Amino acid sequence: MNLFRSLCGMLLSLCLALPASAAELPRIVSKNGRHALYVDGAPFLILGGQAHNSSNYPGMLPEVWPTIHAIHANTLEIPVAWEQIEPVEGKFDFSWVDALIPQARENHVRLVLLWFGTWKNTGPAYAPEWVKADSKRFPHMLTKDGKQHYVHTPLGRNTLEADKRAFVALMRHIREIDPDHTVIMVQPENEVGSYGLDRDYSPEANRLFAAPIPTELARRTGKSGTWTQAFGKTAARNFTAWYLARYIDEIAAAGQAELNLPMYVNAALSDAFNDAGGNSGPDWAVIDIWKAAAPHIAIEAPDIYERNSTAVNAYMDHYARPDNPLFIPETGNDLGFARFFWLALGKGAIGWSPFGMDPTYSNFPLGGLNTPENLEAVSSKFALMAPIAQEWARLAYDHPTVGFAKGQDVSDQSAILGRWKITAQYGLWEFGGRDAPPNPNKDRPVGGAAVIGLGPDEFLLAGSDVRLAFSETAPAPDGGGRFMVVEEGTFQNGRWLMKRRWNGDQVDHGINLTKPTLLKVRFGISR
Ligand code: DGJ
């Protein structure tokens, strides 16, 4: 009997130790400087749509799903606010996620949850009233003359513990109700940093600022001494970045102990070319600080509301690093931003997500108005990619990629992939050259492409409003390269499914991707 009892006990504790779910946890994998987000054990490309800031209530969802479907998104990014899950301290209300997660599942859409906790765009707006109203217990940063700044200090232990408790409760609850991992990633906090004050000037902050930089940071950067000795003019910004990142990392780690989902932080960006100014959030100039301070954060991610293509290109390059997957969790939702989807794919992005897709509000002029043209700019691209998102993510993880998006000057753009130079041209008709009458698209902010090098002479192309030309950087010794096969198609069950071959006019004037199109191109040697 005793033996039976202890066997039962062992079995029971074994069952309790097992994760609640049989489905594989989403995770980020990296190799050869490229990255993939794995969902259900396979690469996944986030074709996202972020909901507006106040769409995090069950009553709003009927206005969210139709747009998510209309744009062919496979992922909804949506807030969970601290104030809504813990309106009274210690009393949790998960009715929002209890409504959201099953509906997402029914709608065949994955979720990225945005934890609006201590900080949302640096401020405490989404913290519960009992936090907002008690700045003694939950202290703010102090200015040089001892005045309270609007931002909560990352040195506030009480704030951290309270936020962490709520976040842990949320992650535990998700683990319990979401065995299928409808939730694939989590963003702890939102666009953190501090506007108008470079660091906390409280006595505790002053003491830490005068002390040697943390050992881990010294090891990573090879610097030493106090913050000022190590970083000079950028000392205060780096100091704040470090403590913000440590705070968020502790919350992320505690949440991951409940449910080990990939977590990322998003950045309000400063100037793309000048790292002197800027914020202490995960801005490109302080990524190294964030990487050192926040090992539980898989991705530092740029929120791109920039329309200048040179700057967009630079931002993406800042964030696409061997130690940092490129992920665009927010970007503007109008025609002018949509072509950067191709650029992001070409730079190996694991996802791209315009902000404010539900028609409940509009953040114009930062983003777009809810017009059919703006919706179509996203939906036409996602419609092409949605059925092949998994295949694209797999191939882009295994092979080199390049991307293009039309620049302000509408000039040609070239990139090298293996022994081939690929040139993107804009504002041309499908027939003829620059001497043809002007194409009105020349002046519209449209056009771009992403290319995967499948092999030395084989490419997968996706793009729109662009002409692509291929030339060899070094001619093959035994003759010139020429098109052997240009096939339009898609993937089905992991296999290429040809719709038709392009030939004649369709290839004699370069490869013209007018509407979003997927092509497989193979070159051969003409002897
Ligand atoms: C960036 C923030 O992260 C979003 O939540 C939102 O406020 C946009 N800015 C502006 O619409």
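Remember, predicted model here, so these are calculated numbers, not experimental data.

The rules we used
Residues numbered from 1 in each chain as written. Predicted model: local features only at pLDDT ≥ 70, side-chain atom pairs only at ≥ 80, totals over all residues. Heavy atoms only, no water. Helix = DSSP H or I, 4+ residues; strand = E, 2+ residues; numbered from the N terminus. Rg over C-alpha atoms; globule rule 2.2 N^0.38 Å. Buried < 20%, exposed > 50% of the residue type's maximum accessible area, 1.4 Å probe, protein only. Lys, Arg positive; Asp, Glu negative; His and termini not counted. Charge placed at Lys NZ, Arg CZ, Asp CG, Glu CD. Domains from an automatic or database assignment. Buried area = accessible area lost by both parts, 1.4 Å probe. Salt bridge = Lys/Arg side-chain N within 4 Å of Asp/Glu carboxyl O. Nonpolar A, V, L, I, M, F, W, Y, C, P; charged D, E, K, R; others polar. Contact = heavy atoms within 4.5 Å. Polar contact = N/O pair within 3.5 Å; in protein donor to acceptor, adjacent residues only side chain to side chain. Phe/Tyr/Trp six-rings, centres within 6.5 Å; stacked < 30°, edge-to-face > 60°. Lys NZ or Arg CZ within 6 Å of the ring centre and 35° of its normal. Axes fitted to C-alpha atoms, helices over the stretch in contact; angles between N-to-C directions. Parallel < 35°, antiparallel > 145°, perpendicular 65-115°, else oblique. Left-handed = near helix turned anticlockwise from the far one by under 90°. Core = buried A, V, L, I, M, F, W, Y, C linked by side-chain atoms within 4.5 Å.

**Looking at the overall build of the protein**
Across its full length, the protein carries 17 helices and 23 strands. Taking 2.2 N^0.38 as the reference for a compact globule, 527 residues should give roughly 24 Å; the C-alpha atoms of the protein span a radius of gyration of 25 Å, in line with that estimate. Across its three principal directions, the C-alpha atoms of the protein cover 75 × 70 × 45 Å. The proportion of buried residues among the 527 residues of the protein is 56%. Computed over 49 positive and 57 negative side-chain charges, the separation of the two mean positions in the protein equals 4 Å.

**Some points on the domain arrangement of the protein**
The accessible area lost on association of the parts is a frequent measure of interface size. Domain annotation for the protein reports domain 1 (45–387) and domain 2 (405–525). Here domain 1 and domain 2 have C-alpha centroids that lie 36 Å from each other. When domain 1 packs against domain 2, the two sides together hide about 1300 Å² of surface, and 60% of this comes from carbon and sulfur. In terms of surface lost to domain 2, no three residues of domain 1 exceed Arg339, Trp342 and Leu384, which account for 48% of the buried area on that side. Where domain 1 touches domain 2, the interface holds one salt bridge. Ionic pairing is found between Arg444 and Glu373, a salt bridge with its closest N-O pair at 3.1 Å. Contributions of two or more residues to the side of domain 1 that touches domain 2 are made by helix 12 (309–319), helix 13 (335–338), helix 14 (340–346) and helix 15 (372–385). Here the residues of the side of domain 1 that touches domain 2 are counted per class, giving eight nonpolar, six polar and four charged.

**Describing helix 12**
The set of residues buried in helix 12 consists of Ser309, Ala311, Val312, Ala314, Tyr315, Met316 and Tyr319. For helix 12, the elements touching its buried residues are strand 10 (264–268), helix 11 (287–293), strand 11 (299–304), strand 12 (327–331) and helix 14. Put simply, Asn308 is the residue that caps the front of helix 12, since its side-chain oxygen is 2.8 Å from the backbone nitrogen of Thr310.

**Observations concerning the packing of aromatic side chains**
Taken as a whole and judged by the stated rule, the model has 24 aromatic pairs. Centre to centre, the rings of Trp82 and Trp130 are 5.8 Å apart; their planes meet at 85 degrees, and the pair counts as edge-to-face. With a gap of 48 residues between them, Trp82 in helix 3 (residues 82–85) and Trp130 in helix 5 (residues 129–132) connect regions that are remote in the sequence. The class for Trp82 is buried, based on a relative accessible area of 0%. Over the aromatic face of Phe239 sits the side chain of Arg199, whose NZ or CZ is 5.8 Å from the ring centroid.

**Focus on the packing of helix 4 (residues 95–106) against helix 6 (residues 157–177)**
Helix-helix packing is described using two parameters, namely the angle between the two axes and the distance between the axes. For the pair helix 4 and helix 6, the least separation of the axes is 11 Å and the interaxial angle reads 40 degrees. Comparing the axis directions of helix 4 and helix 6 gives the class oblique. Of the two elements, helix 4 crosses helix 6, and the hand of that crossing is right-handed. Between helix 4, through Val97, Asp98, Ile101 and Arg105, and helix 6, the contact on the second element is made entirely by Leu170, His173, Ile174 and Ile177.

**Examining the nonpolar core**
One finds Leu76, Trp227, Met385 and Trp392 to be the most contacted residues of the largest nonpolar core, which totals 115 residues. Here this core takes 11 residues from helix 10 (residues 235–258), the largest share from any one element. Mapped onto the domain boundaries, this core takes at least three residues apiece from domain 1 (45–387) and domain 2 (405–525). Sequence-distant contacts of Trp227, that is, excluding residues within four places in its chain, are made with Leu208, Phe209, Ala211, Ile213, Pro214, Leu217, Gly232, Ala235, Asn238, Phe239, Trp242 and Tyr243. Phe459, Val466, Leu468 and Val507 belong to the second-largest nonpolar core, a separate cluster that totals 24 residues.

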